[in-house]
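Take a look at the letters that make up each chain.
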Amino acid sequence: MSILIRGGTVVSATGSALADVLVDGESVAALAVPSTPLAESWSAVAGTVIDATGKYVIPGGIDVHTHMELPFGGTFASDTFETGTRAAAWGGTTTIVDFAVQSKGASLLAGIEAWHAKADGNCAIDYGFHAIISDVNEAALKEMDAAVEAGVTSFKMFMAYPGVFYSTDGEIFLAMQKARANGAVIMMHAENGIAIDQLVAQALAEGRTDPVYHGLTRPPELEGEATSRAIQLAKVTGAPLYIVHLTASQALNAVTEARDGGQNVFAETCPQYLYLALDDLAKPDFEGAKYVASPPLRPREHTEALWKGLRTNDLSVISTDHCPFCFKDQKELGRGDFSKIPNGMPGVEHRMDLIYQGVAAGKISKERWVELCSTTPARMFGLYGRKGVIAPGADADIVVYDPDAHQTISAATHHMNVDYSAYEGMEITGRVDTVLSRGSVVIRDGEFHGKSGHGQFVRRGLSQYLV
Ligand code: URP
Ligand code: ZN
Ligand code: ZN
């Protein structure tokens, strides 16, 4: 079965050009200059022709930070692998990397197996896993080698959430030494959870219980401090370090300094930290609960620092940290006590569109959009070549994007299994037109044509940023 995507502008991380793209089976077969005899010969034989005139043809988005079905805060993230990957496809994301959780007292590999069981046969698009290490012990450290062999080549650790996922500096140090030895990347949730817990207890004791205090008890300095500490631990151990969901200029400064010093330190941010801010957490009538995530939304001045970091490449990836909880019954668990609001926000469906607003506003180029949302995530997490690029032999994960369309984001029209949108009513330019996942049409003409179980587990290699 061949598909010809004709007349579009193929946008890659390094440039853009008018080109026709021929897909054969699950892979990209070839690109050709439009209207040449070669390109015309494809029109005659292609089983399906997709007209991309006036549109961008980009490698499918890769969201390397999602939490489908995560058990957290006394409940579960409301998107399953089925609903979450379907929503991702609607938004032009064709691969997710989700986090398999090692439970306290359990094995790391058992956590990965449990995540396979949740995802297997249910995904509309391809998926991989990182592993969350929440119990560092001799067995778990050994299992990190087996995880890498099985294609789980990155491990998230937490300086936040004492009593849940938290690891001590000593435990982080040991896991970093292991990562240094086996080539894995350590991903860090960098907030000083021990100090934050004191601030949270003090706020609650003084009757400051509204959602905004979630933000006010997690000051940016404590993200900056934890980020610096993680960087120093990584320096001593020699481990590559990837800071997840970076929000604060203090943390960005620490990353920039480490990178300027030649250290293998990388960082991502998420759309919510570029568009939303602390005042959203302060919305009345408990509506601020919709915006509770950790690290929290910051005062507005941080968002401009993050856009600058995206331009200088000190922030090199945009993920979503998609971790949805419905307002009704889930966020509401924290009425009267902000510390009981499940932490996390929905976003997997809107990352490509939201970051495209940066292109429309002249903040980043369309090539940088592709780099941040697809190509660098692929390289960072050992997927590049197969994913993150439109080139002969690559998986035909392709999005046709209409840069001139207009849409309004709303919970009434989104496909995520969550009862609100953090961007309700936001009018945006650009829209996903067509989505292919490994050569199969998933989205076309405003309809979902995919199926659960089409998506396959992807064994990832080591990070392609490291020699
Ligand atoms: O609030 C958040 N970010 N929830 C998901 C878990 C995490 O820390 O990434
Ligand atoms: Zn986190
Ligand atoms: Zn997360």
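Everything below is about the structure printed above this text.
Each residue is numbered by its place in its chain's sequence as written, counting from 1. To label them, take the chains in the order written and letter them from A, then take the ligands in the order written and number them from 1. For this predicted model, a pLDDT threshold of at least 70 governs which residues receive local features, and a threshold of 80 or more governs which side-chain atom pairs are given and counted, while totals over whole chains, interfaces and linings are taken from all residues. To obtain the side-chain values, all non-hydrogen atoms of the structure were included, while hydrogens and water were left out.

**Points about the coordination of the zinc ion (ligand 3)**
And step 1. Only nitrogen, oxygen and sulfur atoms qualify as donors, provided they sit within 2.8 Å of the metal or within 3.2 Å for Na, K and Ca; with water excluded from the atoms, sites may seem incomplete. Within the protein, the atoms that donate to the zinc ion (ligand 3) are His-65 (NE2), His-67 (NE2) and Asp-321 (OD), at distances of 2.0 to 2.1 Å.
And step 2. Only four donors with every angle between 85 and 135 degrees are called tetrahedral; only four or six donors with opposite donors over 155 degrees apart and all others between 65 and 115 are called square planar or octahedral, in that order; all others are irregular. Around the zinc ion (ligand 3), the four donor atoms sit at angles spanning 89 to 135°, and that spread fits a shape best called irregular.
And step 3. Of note, the zinc ion (ligand 3) draws all its donor residues from one chain, in the sequence arrangement H-x1-H-x253-D.
And step 4. Between the zinc ion (ligand 3) and the zinc ion (ligand 2), a spacing of 3.9 Å is present. Within this pair, whereas His-65 is found in strand β6 (residues 61-66), its partner Asp-321 is found in the loop between β15 (317-318) and α13 (351-360), the two being separated by 256 residues in sequence.
And step 5. Only protein chains enter the accessibility calculation, which uses a 1.4 Å probe; a residue is then buried when its area is under 20% of its type maximum, exposed when over 50%, and partly exposed in between. For Asp-321, a relative accessible area of 8% translates into the label buried. The helix count covers DSSP runs of H or I at least four residues long, the strand count covers runs of E at least two residues long, and both are numbered beginning at the N terminus.

**Thoughts on the state of the cysteines**
And step 1. In this description, the term disulfide denotes a pair of cysteine sulfurs within 2.5 Å. Scanning all chains against the criterion turns up zero disulfides.
And step 2. Of the cysteine sulfurs around Cys-123, a residue in no disulfide, the closest is that of Cys-323, at 16 Å.
And step 3. Free cysteine: Cys-323, not disulfide-bonded; nearest cysteine sulfur from Cys-270 at 11 Å.

**Points about the nonpolar core**
And step 1. Throughout, nonpolar core names a set of buried Ala, Val, Leu, Ile, Met, Phe, Trp, Tyr and Cys residues whose side chains join them through atoms within 4.5 Å. Core analysis: the largest hydrophobic core is formed by 132 residues, its most contacted members being Phe-155, Ile-186, Met-188, Leu-241, Tyr-242 and Trp-369.
And step 2. Only heavy atoms matter for contacts: two residues are in contact if any of them lie within 4.5 Å across the pair. Leaving out residues up to four positions away in the same chain, Leu-241 has contacts with Met-176, Ile-186, Met-188, Ala-230, Ile-231, Ala-234, Asn-264, Val-265 and Phe-266.
And step 3. Within the second largest apolar cluster, 15 residues are counted, among which are Ile-3, Val-23, Ala-52 and Val-400.

**What about the pairing of strand β12 (residues 185-189)?**
And step 1. Counting buried positions over the five residues of β12 gives five, a clear majority of the element.
And step 2. The alternating pattern of β12 places Val-185, Met-187 and His-189 and Ile-186 and Met-188 on opposite faces, both of which are buried.
And step 3. Should DSSP find at least two bridges between two strands, the strands are taken to pair. Where strand β11 (residues 154-158) and β12 come together, five bridges link them in parallel fashion. Its bridge partner being in β12, Ser-154 is matched across the sheet by Val-185.
And step 4. The handedness of the β11 to β12 crossover, carried by helix α5 (residues 169-182), is right-handed. Looking down the strands as they point away from you, a crossover is right-handed if its path from the first strand over the helix to the second goes clockwise.

**Focus: the site of ligand 1**
And step 1. By convention in these notes, a residue is near a molecule or strand provided one of its non-hydrogen atoms lies within 4 Å of it. In the vicinity of ligand 1 lie 14 residues, with Lys-156, Tyr-161, Ser-294, Asp-321 and Asn-343 positioned nearest.
And step 2. As used in this structure description, the phrase polar contact means that two N or O atoms lie within 3.5 Å; if the pair is within protein, one of them must be able to donate a hydrogen and the other to accept it, and residues adjacent in sequence are counted only when both atoms belong to side chains. In this structure, a nitrogen atom belonging to ligand 1 sits 3.1 Å away from a main-chain N or O atom of Asn-343.
And step 3. Gly-344 places a main-chain nitrogen or oxygen 3.4 Å from an oxygen atom of ligand 1.
And step 4. Exposure was quantified through the Shrake-Rupley algorithm and a 1.4 Å probe, taking into account, for residues, occlusion by the shown protein chains and nothing else. Protein coverage of the free-state accessible area of ligand 1, which is 270 Å², stands at 100%.
And step 5. Residue type decides the class: Asp, Glu, Lys and Arg count as charged, Ala, Val, Leu, Ile, Met, Phe, Trp, Tyr, Cys and Pro as nonpolar, and the leftover types, Gly among them, as polar. Considered class by class, the residues forming the shell around ligand 1 number five nonpolar, seven polar and two charged.

**So, the coordination of the zinc ion (ligand 2)**
And step 1. For the zinc ion (ligand 2), the full set of protein donor atoms is Lys-156 (NZ), His-189 (ND1) and His-245 (NE2), at a range of 2.1 to 2.2 Å.
And step 2. Between the donor residues of the zinc ion (ligand 2), the gaps in sequence give the motif K-x32-H-x55-H.

**Some words on helix α12 (residues 301-312)**
And step 1. What a helix should span is 1.5 Å times the count of its residues minus one. Under the 1.5 Å per step criterion, the end-to-end length of α12 is 17 Å for twelve residues, consistent within 8% with the ideal 16 Å.
And step 2. Every buried residue belonging to α12 is among His-302, Thr-303, Leu-306, Trp-307, Gly-309 and Leu-310, and all of these are buried. Down the axis of α12, the smallest arc covering the buried residues is 155°, so these residues share one side. In α12, the exposed residues that point more than 90 degrees away from the buried face are Glu-301 and Lys-308.
And step 3. In the segment just after α12, Asn-313 is the residue with positive phi, at about 70°. This arc corresponds to the set of directions leading from the helix axis out to the C-beta atoms.

**Regarding the pattern of salt bridges**
And step 1. Whenever Lys or Arg places a side-chain nitrogen within 4 Å of a carboxyl oxygen from Asp or Glu, that contact is recorded as a salt bridge. Applying the stated criterion across every chain, the model contains 25 salt bridges.
And step 2. The shortest N-O distance in the salt bridge between Asp-279 and Arg-300 comes to 3.4 Å. On the criterion of sequence distance, the pair formed by Asp-279 in helix α11 (residues 278-281) and Arg-300 in the loop between α11 and α12 is long-range, its members being 21 residues apart.
And step 3. On the accessibility criterion, Asp-279 (44% relative accessible area) is partly exposed.
And step 4. You can call Arg-300 partly exposed: its relative accessible area is 39%.
And step 5. Where Arg-368 meets Glu-371, a salt bridge forms, and the shortest distance between an N and an O atom there is 2.9 Å. With Arg-368 and Glu-371 both in helix α14 (residues 366-380) and three residues apart, this pair spans about one turn of that helix.
And step 6. A cluster of three or more residues bridged by salt bridges with shared partners is formed by Glu-26, Asp-126, Arg-386, Lys-387, Asp-395, Asp-397 and Arg-438.

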